[in-house]
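Descriptive analysis of the structure
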Amino acid sequence: MAIVFVLRTGIQWRALPKELFGSPSSIHRYFQQWHQSGFFLRLWQAGLAEYDDMQGIAWQWQSIDGAMYKVPLALEKVGPNPTGRGKNGSRKNLLVDTCGIQL
(Lines give C-alpha, C1' and ligand atoms only; values in the text may rest on other atoms or scores of the structure.)
Protein backbone atom coordinates (compact mmCIF):
# COMPACT_ATOMS: atom_id res chain seq x y z
CA MET A 1 0.00 0.00 0.00
CA ALA A 2 2.85 2.42 0.81
CA ILE A 3 4.47 1.98 -2.62
CA VAL A 4 1.18 2.80 -4.34
CA PHE A 5 0.80 5.82 -2.02
CA VAL A 6 4.23 7.14 -3.05
CA LEU A 7 3.61 6.54 -6.75
CA ARG A 8 0.17 8.19 -6.67
CA THR A 9 1.04 11.23 -4.52
CA GLY A 10 4.68 11.87 -5.41
CA ILE A 11 5.60 12.10 -1.72
CA GLN A 12 9.25 11.50 -0.89
CA TRP A 13 10.11 8.11 0.59
CA ARG A 14 11.47 9.76 3.76
CA ALA A 15 8.21 11.69 4.19
CA LEU A 16 6.05 8.55 4.44
CA PRO A 17 4.18 8.47 7.76
CA LYS A 18 6.02 5.80 9.74
CA GLU A 19 2.99 5.17 11.95
CA LEU A 20 0.89 4.22 8.89
CA PHE A 21 3.35 2.34 6.71
CA GLY A 22 6.39 1.38 8.77
CA SER A 23 10.02 2.14 7.97
CA PRO A 24 10.39 4.27 4.81
CA SER A 25 13.81 2.75 4.09
CA SER A 26 12.36 -0.79 4.18
CA ILE A 27 9.52 0.21 1.89
CA HIS A 28 11.97 1.81 -0.54
CA ARG A 29 14.12 -1.32 -0.47
CA TYR A 30 11.07 -3.42 -1.47
CA PHE A 31 10.29 -0.95 -4.26
CA GLN A 32 13.86 -1.27 -5.60
CA GLN A 33 13.70 -5.08 -5.48
CA TRP A 34 10.36 -5.15 -7.33
CA HIS A 35 11.62 -2.66 -9.91
CA GLN A 36 14.80 -4.66 -10.55
CA SER A 37 12.80 -7.89 -10.90
CA GLY A 38 10.61 -6.31 -13.59
CA PHE A 39 7.41 -6.52 -11.54
CA PHE A 40 6.18 -3.01 -12.43
CA LEU A 41 6.88 -3.49 -16.15
CA ARG A 42 4.93 -6.78 -16.18
CA LEU A 43 2.10 -5.16 -14.20
CA TRP A 44 1.94 -2.24 -16.66
CA GLN A 45 2.02 -4.60 -19.67
CA ALA A 46 -0.78 -6.78 -18.24
CA GLY A 47 -2.92 -3.74 -17.46
CA LEU A 48 -2.34 -2.28 -20.92
CA ALA A 49 -3.25 -5.58 -22.62
CA GLU A 50 -6.40 -5.93 -20.52
CA TYR A 51 -7.46 -2.36 -21.28
CA ASP A 52 -6.82 -2.92 -24.99
CA ASP A 53 -9.01 -6.06 -24.89
CA MET A 54 -11.83 -4.25 -23.06
CA GLN A 55 -11.80 -0.78 -24.65
CA GLY A 56 -9.39 -0.88 -27.52
CA ILE A 57 -6.51 1.57 -27.74
CA ALA A 58 -6.46 4.10 -30.57
CA TRP A 59 -2.87 3.39 -31.61
CA GLN A 60 -3.02 6.00 -34.37
CA TRP A 61 -3.10 8.90 -31.90
CA GLN A 62 -1.56 9.33 -28.47
CA SER A 63 -0.56 12.25 -26.29
CA ILE A 64 1.41 12.65 -23.12
CA ASP A 65 0.94 14.99 -20.23
CA GLY A 66 2.76 15.61 -17.01
CA ALA A 67 2.79 17.82 -13.97
CA MET A 68 5.31 18.74 -11.34
CA TYR A 69 4.28 20.12 -8.01
CA LYS A 70 5.53 20.29 -4.47
CA VAL A 71 4.33 17.67 -2.06
CA PRO A 72 2.62 19.43 0.87
CA LEU A 73 4.30 17.43 3.65
CA ALA A 74 7.78 17.21 2.15
CA LEU A 75 9.27 20.33 3.78
CA GLU A 76 8.05 19.31 7.22
CA LYS A 77 9.89 15.99 6.99
CA VAL A 78 13.12 16.80 5.13
CA GLY A 79 13.60 20.55 5.51
CA PRO A 80 14.03 23.31 2.93
CA ASN A 81 15.97 22.85 -0.28
CA PRO A 82 19.43 24.40 0.27
CA THR A 83 19.83 25.33 -3.39
CA GLY A 84 18.05 28.16 -5.12
CA ARG A 85 17.03 30.00 -1.96
CA GLY A 86 17.82 33.68 -1.53
CA LYS A 87 19.64 34.07 -4.82
CA ASN A 88 19.73 37.51 -6.37
CA GLY A 89 19.32 38.05 -10.08
CA SER A 90 16.67 37.88 -12.71
CA ARG A 91 15.23 35.33 -15.05
CA LYS A 92 15.22 35.66 -18.78
CA ASN A 93 12.14 34.46 -20.59
CA LEU A 94 11.74 34.12 -24.32
CA LEU A 95 8.56 34.66 -26.22
CA VAL A 96 8.45 32.58 -29.39
CA ASP A 97 5.88 31.83 -32.05
CA THR A 98 4.63 28.33 -32.94
CA CYS A 99 7.67 27.74 -35.15
CA GLY A 100 10.05 28.57 -32.31
CA ILE A 101 11.11 31.90 -33.78
CA GLN A 102 11.85 34.54 -31.16
CA LEU A 103 9.37 37.41 -31.07
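Residues numbered from 1 in each chain as written. Predicted model: local features only at pLDDT ≥ 70, side-chain atom pairs only at ≥ 80, totals over all residues. Heavy atoms only, no water.

Attention shifts here to the overall build of the protein chain. Counting secondary structure elements, the protein chain contains five helices and zero strands. The linear arrangement of helices and strands in the protein chain, starting from the amino end, is α-α-α-α-α. Counting only residues that meet the buried cut, the protein chain has 14% of its 103 residues in that class. Relative to all contacts within the protein chain whose residues are 6 or more apart in sequence, the contacts with residues 24 or more apart total 36%. (Helix = DSSP H or I, 4+ residues; strand = E, 2+ residues; numbered from the N terminus. Buried < 20%, exposed > 50% of the residue type's maximum accessible area, 1.4 Å probe, protein only. Contact = heavy atoms within 4.5 Å.)

Here we take up the packing of helix α3 (residues 24-37) against helix α4 (residues 39-54). Two elements in contact, α3 and α4, have axes separated by 5 Å at closest approach and are oriented at 65°. Across the interface between the two elements, Phe-31, Trp-34, His-35 and Ser-37 of α3 pack against Phe-39, Phe-40 and Arg-42 of α4. Across the contact of α3 with α4, the residue classes tally to four nonpolar, two polar and one charged. (Axes fitted to C-alpha atoms, helices over the stretch in contact; angles between N-to-C directions. Nonpolar A, V, L, I, M, F, W, Y, C, P; charged D, E, K, R; others polar.)

Here we come to the layout of surface pockets. Of the voids in this model, the second largest pocket is the one considered here, and its volume is about 160 Å³. If you trace the second largest pocket, you find it lined by Met-1, Ala-2, Ile-3, Val-4, Leu-7, Ile-27, Tyr-30, Trp-34, Phe-39, Phe-40 and Leu-43. Every element with two or more residues in the lining of the second largest pocket is listed here: α1 (2-9), α3 and α4. In terms of residue count, the dominant contributor to the lining of the second largest pocket is α1 (four residues). Class assignment of the residues belonging to the lining of the second largest pocket gives a composition of 11 nonpolar, no polar and no charged. (1 Å grid on protein atoms, 1.4 Å probe; cavity = no way out; pocket = protein on both sides within 12 Å on 5 of 7 lines; lining within 4 Å. Points joined across faces, edges and corners; volume = space filled by probe spheres on them.)

The next thing to look at is α1. Looking only at α1, the buried set comprises Ala-2, Ile-3 and Val-6. The buried side chains of α1 occupy one side of the element, clustering within an arc of 105° when seen end-on. On its buried side, α1 packs onto α2 (18-21), α3 and α4. Just beyond α1, the residue with positive phi is Gly-10, at close to 80°. (Arc of directions from axis to C-beta.)

Membership of the largest hydrophobic core is limited to nine residues, which are Ala-2, Ile-3, Val-6, Ile-11, Trp-13, Ala-15, Leu-16, Ile-27 and Phe-31. Breaking this core down by element, the ones donating at least two residues are α1 and α3. Top element by residues in this core is α1. It accounts for three residues. With sequence-adjacent residues up to four places away left out, Phe-31 is seen in contact with Ile-3, Leu-7, Trp-13 and Phe-40. (Core = buried A, V, L, I, M, F, W, Y, C linked by side-chain atoms within 4.5 Å.)

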